[in-house]
Amino acid sequence: MKIEFKNVATVADIKKAFEKAEIPDEAKIVVHYDYDLTSSEDTQVVRDTIAKSQGKLKFFIHEIRQDDDNELNIYLQFD
């Protein structure tokens with residue numbers, strides 16, 4: 001069964017996603033992060049921001065999706 005949850009904002013949303021997922025315990029969890037870039041200058045700004053953040057950037061879960069290959073994909077966006 002494929003699942004897809006968008007704009008996951010609460011613990012209840014995460015629980016619902018995992019309850020509906022029918023994937024084996026050993027399946028991979030892949031985390032992606034997304035940002036909208038229109039130029040190489042924007043790309044450099046994002047890279048610099050990530051480098052200077054010291055792990056303190058805030059993200060929110062935009063989407064949780066189970067793909068056909070039984071990987072659970074979590075898509076993050078900058079907060």
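All values derive from a computational prediction rather than experimental measurement.

Trainee: Can you walk me through the overall build of the chain in this structure?
Mentor: The helix and strand inventory of the chain stands at two helices and four strands. Sequence-ordered secondary structure for the chain, helices as α and strands as β, is β-α-β-α-β-β. Scored against the burial criterion, the 79 residues of the chain give a buried share of 23%. Across the chain, every contact between residues at least 6 apart in sequence was considered, and the portion connecting residues at least 24 apart equals 54%. Surface exposure of the chain reaches about 6,000 Å², of which carbon and sulfur atoms provide 49%.

Trainee: Would you explain the nonpolar core in this entry?
Mentor: Considering soluble globular proteins, one finds that nonpolar side chains tend to be buried as a cluster. Within the largest apolar cluster, eight residues are counted, these being Phe 5, Val 8, Ala 17, Ile 61, Ile 64, Leu 72, Ile 74 and Leu 76. Contributions of two or more residues to this core are made by strand E1 (4-8), strand E3 (59-66) and strand E4 (72-78).

Trainee: Which parts of the structure should I look at to understand helix H2 (residues 40-52)?
Mentor: Helical periodicity: at 3.6 residues per turn, an α-helix aligns residues three or four positions apart in one direction. Over its 13 residues, H2 extends 18 Å from the first C-alpha to the last, a length consistent with the 18 Å expected when each residue adds 1.5 Å. After H2 finishes, the residue Gln 54 shows a positive phi value of roughly 55°.

Trainee: Is there a simple way to explain a nonpolar patch on the surface in this structure?
Mentor: Nonpolar side chains collect at one region of the surface, where Tyr 33, Ile 50 and Phe 59 lie side by side and expose about 260 Å² of accessible area between them. Positionally, Ile 50 belongs in helix H2. Judged by relative accessible area, which is 31%, Ile 50 ranks as partly exposed.

Trainee: What exactly am I supposed to notice about the pattern of salt bridges here?
Mentor: Where charged atoms of side chains with opposite charge meet at close range, the side chains can pair. Evaluation of the coordinates by the stated rule reveals two salt bridges. Among the salt bridges present, the one from Glu 63 reaches Lys 6, with a minimum N-O distance of 3.8 Å. With a gap of 57 residues between them, Glu 63 in strand E3 and Lys 6 in strand E1 connect regions that are remote in the sequence. Lys 6 sits in the partly exposed class, given a relative accessible area of 49%. The partner of Arg 65 in a salt bridge is Glu 63, and the shortest N-O contact between them spans 2.9 Å. Within this structure, Lys 6, Glu 63 and Arg 65 form a network of salt bridges that share partners.

Reading the values: rules and limits
- The residue numbers shown here count from 1 along each chain, following its written sequence.
- Given that the model is predicted, a residue must reach a pLDDT of at least 70 before its local features are reported, and side-chain atom pairs must reach 80 or more before they are shown or counted; all residues, however, enter totals for whole chains, interfaces and linings.
- The basis for every side-chain value is the complete set of non-hydrogen atoms in the structure, without hydrogens or water.
- Only DSSP runs of H or I covering at least 4 residues are called helices, and only runs of E covering at least 2 are called strands; the numbering of each starts at the N terminus.
- Working definition: with a 1.4 Å probe on protein chains only, accessible area under 20% of the residue-type maximum means buried, over 50% means exposed, and in between means partly exposed.
- Any two residues having at least one pair of non-hydrogen atoms within 4.5 Å are treated as being in contact.
- Per-residue accessibility takes into account occlusion by the displayed protein chains alone, with areas from the Shrake-Rupley method and a 1.4 Å probe.
- Grouping buried Ala, Val, Leu, Ile, Met, Phe, Trp, Tyr and Cys residues that are joined through side-chain atoms within 4.5 Å yields what is termed a nonpolar core.
- Here a helix's expected span is defined as the number of its residues, less one, multiplied by 1.5 Å.
- The patches reported here contain residues having more than 30% relative accessible area and no salt bridge. Joining distances are 9 Å for like charges and 5 Å for nonpolar side chains (Val, Leu, Ile, Met, Phe, Trp, Tyr).
- The term salt bridge refers to a pairing of a side-chain nitrogen on Lys or Arg with a carboxyl oxygen on Asp or Glu at a separation within 4 Å.

Limitation: the analysis is restricted to geometry and does not speak to function.
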